[in-house]
Amino acid sequence: MLGEWLWGIGARRAAWDELSAWHAATSSRPVALQGLYLTVRAWWVPADAAPLATTELVGPDRCRHAAGDGCGPRALVRAEPRDELAIAALVAAPATPTADPEAAAGWLAITLLQALHGEQAWGPEFAARVDIAAIPTAAMPAASRLAFNLLVGREPVPDVELTAATPAADRLVIAAGRALRGAGVRDIETALGPLAETIEGVALLRVVAQPAPSSASSPVVSEATHVSAAVSHARARVLHGPDAAQLRAIVVAYRRDPAIADRLASDLIAQAPDAAVASAAVGALFDALADPARARAAWQAAVTASPEVDHLRGLAGAMARGNDPDAALITATTAAAASGDPAVVWLALARTFDGAGKHVHALEAARYAIDLGDAATLLLAIDVAISASRSLGRTHQIDSLAARRAKTLPVATPRADDPTDATAALAAHVAQPSASSAAHLWIASRWNPRAVAARAALLAAVDRDDPRRHILVAELVELAADPDAELARAAVAAVR
């Protein structure tokens, strides 16, 4: 069907037009197409739109609309195999904090998965989903009690015995509870069992791993570290661009003399089989080097050669960071119009504006993202708008935005004793830096594998011969290639 094909190639508005027309004209609908219709409808229709009839709820996205039919959080997370799409749909659905212990146990496991994947902080995300004060520990399923108590700041309770019949989701929660209690790697491996080889198991073992003393005698943060991070960033942003050696030569030259880097970049583009792609890679490289003027020139060359959406987005970002926000808005308008999902374009630019101190422009871009985005984009766009409003001192606007956000998912109040909240730990360390605050921040960074700001602060706080430095630097270089361009650039800056 045309609508299915359009959705597959990213033409989201066109796919919605086709599928909504098909839905209106057809009463006997194949389950697969009806499921896709629900997915596309969730992207286009506001979360508070009129509910669909129960008979229309099929496929993974049924869980965005109803808690029945296997869509309870505990049922979803314990299913074998786990239906990741259905869980994602449930996570994206508007929610009020639950006081049901079974649902709370399900959210404990789901938000743990999110944390181990680097998507959200475990404690704050769980607290936003669950009315913690209304649930006594004894009401929780036994496998969840230790993790539940330690995550919400209660006294630890006895652990449970693991058996071969323990579901994988419960096994992961039990292992995470032991990690919160301070257990070592061997104890966590025993609790994980076969899950130790999974993505989540590896991530949990990294939480409790102790840094080994390093024998390196040279500084950990070096020119080579920064070069590697910048090249990694550019390669991740432009997948089919020049090879790493060519980009590395430009970065090394730039650190010596930017004029030499300009000549190398010009030669690289002239010799490339696709000048637009090479120019985009150079633009991404100069983005990583925090040189918005050179980045803008390279992205402009890419747009001139081939005005693709990604090139336009790169140019808009460079304009925003280069103190030309009005031009960035114009370019982003073109990129959004050509994009299958304009809200994503506006959200990225809003974050760039906010990071660059252009808070009024950040609010404008965030408003477009709020108006055009789905539930997931809506929350992120509101968060950017709240951040920009806070910088501008607009208290009433913050309250209005927070109330709107709460209709989908409220923000939990930060807890200083939450070992998984990197934001709160970073704020505490910045307010009163000490060895104790750095130790707390280190633990929180383990639970948040994509927390760049926490790692940057730790890198500045720990001694040169501290074995944690090697881990922090390696993680920041890895994060320089993160799909989130703003986060990735921050990682490069941290090792500059």
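Keep in mind that what you see is a predicted model, and the values were worked out from it rather than measured.

What exactly am I supposed to notice about the overall build of the protein here?
Looking only at helices and strands, one finds 27 helices and zero strands in the protein. Computed over C-alpha atoms, the radius of gyration of the protein comes to 24 Å, within 12% of the 23 Å expected from 2.2 N^0.38 for 496 residues, which places it in the range of a compact globule. Principal axes of the C-alpha set define a box for the protein whose edges measure 70 × 70 × 45 Å. The 496 residues of the protein split such that 50% are buried. Within the protein, contacts between residues at least 6 apart in sequence are counted, and of these 56% link residues at least 24 apart. Split by element, the accessible area of the protein, about 22400 Å² in all, is 56% carbon and sulfur. A gap of 3 Å separates the mean positions of the 44 positive and 53 negative side-chain charges of the protein.

Even after reading the chapter, I still don't get the nonpolar core, so can you show me in this structure?
Soluble globular proteins: nonpolar side chains tend toward being buried together. Ranked by size, the top nonpolar core spans 84 residues in total, and within it Trp 346, Leu 349 and Phe 353 carry the most contacts. A total of eight residues in this core trace back to one element, the largest contributor, which is helix α15 (residues 275–288). Every residue in contact with Phe 353, bar those within four places of it in the chain, is listed here: Ala 320, Pro 325, Ala 328, Leu 329, Lys 358, His 359, His 361, Ala 362 and Ala 365. In this structure, Cys 71, Leu 90, Leu 192 and Trp 447 belong to the second largest nonpolar core, which totals 50 residues.

Teacher, can you tell me more about the environment of Ala 115 here?
One can find Ala 115 in helix α6 (residues 101–116). The sequence separation of Ala 115 and Glu 125 amounts to ten residues, and the corresponding C-alpha distance is 8.7 Å. Here Ala 115 is in contact with Gln 120, Trp 122, Trp 447 and Pro 449, once residues within four sequence places are set aside.

Whenever I open this one, helix α17 (residues 309–321) confuses me. Can you help?
Counting along an α-helix, one turn takes 3.6 residues, and residues three or four places apart therefore face a common direction. The terminal C-alpha atoms of α17 lie 18 Å apart, and with 13 residues this matches the ideal 18 Å at 1.5 Å per residue to within 8%. What α17 keeps buried is the set His 311, Leu 312, Gly 314, Leu 315, Ala 316, Gly 317, Ala 318, Met 319 and Ala 320. Where α17 is buried, its residues meet α12 (223–237), α15, α16 (292–305), α18 (325–338) and α19 (342–355). Directly after α17, the chain includes Asn 323, whose backbone phi takes a positive value near 65°.

Hey, could you run me through the environment of Arg 206 in this one?
Topologically, Arg 206 is positioned in helix α11 (residues 199–208). By relative accessible area, Arg 206 is classed as partly exposed at 42%. With 21 residues separating them in the primary sequence, Arg 206 and Val 185 have C-alpha atoms 8.7 Å apart. Setting aside its immediate chain neighbours within four residues, Arg 206 contacts Arg 446, Glu 475 and Glu 478. In this structure the side chain of Arg 206 is engaged in a polar contact, spanning 3.4 Å, whose partner is the side chain of Glu 475.

Mind showing me how you'd approach the pattern of salt bridges here?
Oppositely charged side chains may form a pair once their charged atoms are brought near each other. Taken as a whole, this structure holds 31 salt bridges when the rule is applied. Taking the shortest distance from any N to any O, the salt bridge between Glu 56 and Arg 29 comes out at 3.6 Å. One end of the pair, Glu 56, is in the loop between α3 (31–44) and α4 (73–78); the other, Arg 29, is in the loop between α2 (12–25) and α3, with 27 residues separating them in the sequence. Assessed through its relative accessible area of 14%, Glu 56 is described here as buried. The class for Arg 29 is partly exposed, based on a relative accessible area of 27%. The closest approach of N and O atoms between Asp 482 and Arg 450, which form a salt bridge, is 2.7 Å. Here Asp 482 is found in the loop between α26 (468–479) and α27 (485–494), whereas its partner Arg 450 is found in the loop between α24 (435–447) and α25 (452–461), with 32 residues between them in sequence. Shared partners join several salt bridges into a network, and the residues in it are Arg 237, Asp 287, Arg 321, Glu 486 and Arg 489.

I'm lost on α27 in this one. Help?
Among the residues of α27, Leu 487, Ala 488, Arg 489, Ala 491, Val 492 and Ala 494 are the ones counted as buried. Its buried side turned inward, α27 meets α12, α15, α17, α19, α25 and α26. At the N-terminal boundary of α27, the capping side chain belongs to Asp 484, with an oxygen 3.1 Å from the backbone nitrogen of Glu 486.

Sorry if this is basic, but what is going on with the side chain of Glu 475 here?
Locating Glu 475 in the fold gives a position in helix α26. Setting aside residues up to four positions removed in sequence, Glu 475 forms contacts with Arg 206, Arg 446 and Arg 455.

I'm lost on the side chain of Arg 41 in this one. Help?
Residue placement: Arg 41 occurs in helix α3. Of the side chains with opposite charge, Glu 56 lies nearest to the buried Arg 41, which makes no salt bridge, at 7.1 Å.

I tried to follow the packing of aromatic side chains on my own but got confused; where do I start?
Each aromatic ring pair is characterised by the separation of its centres together with the angle its planes make. All chains considered together, the criterion is met by seven aromatic pairs. For the pair Phe 126 and Phe 148, a centre-to-centre distance of 6.1 Å together with 85° between the ring planes defines the contact as edge-to-face. Taken together, the positions of Phe 126 in helix α7 (residues 122–129) and Phe 148 in helix α8 (residues 145–152) put the pair 22 residues apart, joining distant regions of the chain. Phe 148 matches Phe 126 in its accessibility class, with the two residues each being buried. Site record: aromatic cluster; members linked through ring pairs are Trp 7, Trp 43 and Trp 44. When the ring centre of Trp 442 is taken as reference, the NZ or CZ atom of Arg 446 above it lies at 3.9 Å. Here the basic side chain of Arg 468 rests over the ring of Trp 442, its NZ or CZ set 5.7 Å away from the ring centre.

Reading the values: rules and limits
- Residues numbered from 1 in each chain as written.
- Predicted model: local features only at pLDDT ≥ 70, side-chain atom pairs only at ≥ 80, totals over all residues.
- Heavy atoms only, no water.
- Helix = DSSP H or I, 4+ residues; strand = E, 2+ residues; numbered from the N terminus.
- Rg over C-alpha atoms; globule rule 2.2 N^0.38 Å.
- Buried < 20%, exposed > 50% of the residue type's maximum accessible area, 1.4 Å probe, protein only.
- Contact = heavy atoms within 4.5 Å.
- Areas by Shrake-Rupley, 256 points an atom, 1.4 Å probe, with all protein chains shown as cover.
- Lys, Arg positive; Asp, Glu negative; His and termini not counted.
- Charge placed at Lys NZ, Arg CZ, Asp CG, Glu CD.
- Core = buried A, V, L, I, M, F, W, Y, C linked by side-chain atoms within 4.5 Å.
- Expected span 1.5 Å × (residues − 1).
- Polar contact = N/O pair within 3.5 Å; in protein donor to acceptor, adjacent residues only side chain to side chain.
- Salt bridge = Lys/Arg side-chain N within 4 Å of Asp/Glu carboxyl O.
- Phe/Tyr/Trp six-rings, centres within 6.5 Å; stacked < 30°, edge-to-face > 60°.
- Lys NZ or Arg CZ within 6 Å of the ring centre and 35° of its normal.

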